Every structure is written in structure tokens, then in C-alpha cells.
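# Close look at the chain arrangement
One-letter residues, chain by chain:
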Amino acid sequence: MKRLILSLAMASMLTACQQVSTTHAGAVGATRKQSMLLSSQQVDQMSAASYAETIKKSASQGKLLASNDPTVRRVRDIAQRLIPQTAVFRPDALQWQWEVNVEKSPELNAYCMSGGKIMFYTGIIERLKLTDDEIAQIMGHEIAHALREHGREKMSEEYGKSIALQGGMQLFSIVTGGKYDAYQDLAGSGLNTLVDVSYSLPNSRTNESEADAMGLELAARAGFQPNAAVSLWQKMAAQGTGKGLEFMSTHPSSNTRIAELQAKIPVVMPLYEAAKNKPKPKPKKNAS
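Note that the structure is a prediction, hence the values are computed from the model and not measured.

### So, the confidence of the model for the chain
For the chain, the average pLDDT comes to 79, and 71% of its residues sit at 70 or higher. The model gives residues 179-200 a pLDDT under 50, and that stretch makes 44 contacts with residues more than four places away or in other chains.

### Brief notes about the packing of helix α3 (residues 70-82) against helix α5 (residues 132-147)
At a minimum axis distance of 10 Å, the contact between α3 and α5 shows a crossing angle of 60°. The angle between α3 and α5 falls in the class oblique. For the pair α3 and α5, the sense of crossing is right-handed. Here R74, V75, I78, A79 and L82 of α3 lie close against α5, whose contacting residues are D132, I135, A136, M139, G140 and I143. Class assignment of the residues belonging to the contact of α3 with α5 gives a composition of eight nonpolar, one polar and two charged.

### Focus on the packing of helix α8 (residues 228-238) against helix α9 (residues 254-275)
Remark: α8 packs on α9, axes separated minimally by 9 Å, with the N-to-C direction vectors making an angle of 175°. As summarised for this structure, α8 and α9 are arranged roughly antiparallel, according to the angle between their axes. For the pair α8 and α9, the contacting residues are A229, V230, W233, Q234 and A237 in the first and S254, R257, I258, L261, Q262 and I265 in the second. Each residue belonging to the contact of α8 with α9 can be placed in one class, and the counts come to seven nonpolar, three polar and one charged.

### Observations regarding the nonpolar core
L82, F120, M139 and I143 are the most contacted members of the largest nonpolar core, which has 51 residues in total. No other element matches α5, which puts eight residues into this core. Ignoring any residue separated from it by four or fewer positions in sequence, one finds F120 in contact with V75, N101, V102, E103, N109, A110, I125, I135, I138 and M139. Of all hydrophobic cores here, the second largest spans six residues; its members include Y51, I55, M113 and M119.

The rules behind these values
Residues numbered from 1 in each chain as written. Predicted model: local features only at pLDDT ≥ 70, side-chain atom pairs only at ≥ 80, totals over all residues. Heavy atoms only, no water. pLDDT = per-residue confidence, 0-100. Contact = heavy atoms within 4.5 Å. Axes fitted to C-alpha atoms, helices over the stretch in contact; angles between N-to-C directions. Helix = DSSP H or I, 4+ residues; strand = E, 2+ residues; numbered from the N terminus. Parallel < 35°, antiparallel > 145°, perpendicular 65-115°, else oblique. Left-handed = near helix turned anticlockwise from the far one by under 90°. Nonpolar A, V, L, I, M, F, W, Y, C, P; charged D, E, K, R; others polar. Core = buried A, V, L, I, M, F, W, Y, C linked by side-chain atoms within 4.5 Å. Buried < 20%, exposed > 50% of the residue type's maximum accessible area, 1.4 Å probe, protein only.

Okay, structure coming up:
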């Protein structure tokens, strides 16, 4: 009964989804179709507003590093090399209003929101003693999330899940002859758990693996050492990040992640070899 109801609810949701390809495949082959219920414009607007609020709050708390800070200059110089490579996956990304900032925080974190809004925390750079190549791997990974619109995909997924749950509850009411109350807990918690395990979480792991591969290619095309992706995740693993039961995780385990990256390195190594001898772009004094 539960499987039938979940299947019907999910079928209704997926029918309403728009199947899209947000990027070109690149050398690593990012060809997966994505289900979207929300538009890029909606998500970009929300991301821009959220990022602006984050910058404002960080600045008011004295945590936002100034443009002339050495760490900010370092991160922006790396971004300046990576951003032109985004055209391989989606040419329109060159027209995004890119922003790159650094916040003073002990967190091991960095992100790139929809539309190219990048934030690095000093904790991930300082605590892991990251090289430029390793920073490039993190940034490439986060940029890949934005290129593939994983945020939009996740928001669409959550919206679709709420539709599926509502549909499931209505179906429970029908098949039980209106005795909805007797099954309310099962409908509310059981369906939610099933959707999480069978759809939400595996999809999130797919997104992470996808961003790893695309980020590896972006960094290689910008002339950053692909093997730095392995040393980066070895450092992360030493911090405890990525450990745990992989089935119930939204991220691959560190061992899985490293193995997948190692398998992709031969694919992107020729791109790195071709790029490393090219002249590097001069840093822009007004980069932001």
C-alpha cells in the first residue's frame, strides 16, 4: 500500500517537472538530465538577495575581509583563472555578475551560489594549509554546483516532495474510506522518510560527484594540478569530513570521493598539460 501511494505521488510530481540539461558535457561527460520545477530566474534572484544579505551581515560584524587583504587577493586571483573556463560547460556563465569574497570564520567551508556568488571562509584555507591548487579544486567544485544549478534542482526537489506528500496523504484518505486520522502519522513521517532515502539523498550524492568531476576539469583547464583534488580530500578526511554511513549521507565518503577523482584525473591531465604553459592572466585590481 505504501509503495503504491508513494509511486503514484512521485509519478504525479515527476510529470510536472521540466527535464533540462543545464550544461554541456565537457571532457568529464556531465550529461545527466535534471528535473526542474522552478525557473533559473527565480533561483538567481533569491540567491543574489541572500548573498547580498550575507555580505551585509558579515561586514557589520567585522568578519568580511577587505579587498586588499592578501587572502582575498589570493582567492580572487584563482577565481580569475577559473571563471573563463566555465564557458566549456555553459557559455552564458561568462555574463554572470560574479562576486568573490572571504569571511573570517573557523568553518571548513566555501560555496558558490546561483549566478556566481562565491564565498570562502578563512578556516578552510588556514586549518587545512591549502595550496593554490587545492583552493582551485574547492572553488572549481563550488562553481560546478552553480553551473549545474544544483541549488535550483534541490529547491525543485523539495517543492516536488511537498507536492508528493500532499498527494500521498490525499490518497491515504481515499483508500482508507476517509479514515485519514488513523494513518496520518504514517503518511506524514513514513512517506517523508521514503522520499528522502529513495530520491533526495541519492540525488544529492550524485550532485556532489558531478561537481567533483566538473570542478576537476575547470581547475585543469585553468592550469591547476589535478592531483591536488586527492591531497585536498585526504586533508578533509583527516579532519573527519566525509566519514560516516554513506547510504544516509548527502556526500560521498572520502574514500569514494578520492577513488572517483583518481579515475577522472587521466581524463583531465591533458587539459592541465596544455594549460600550464599558457600565460596566466594578470590580476585585476578591481576584481570583486
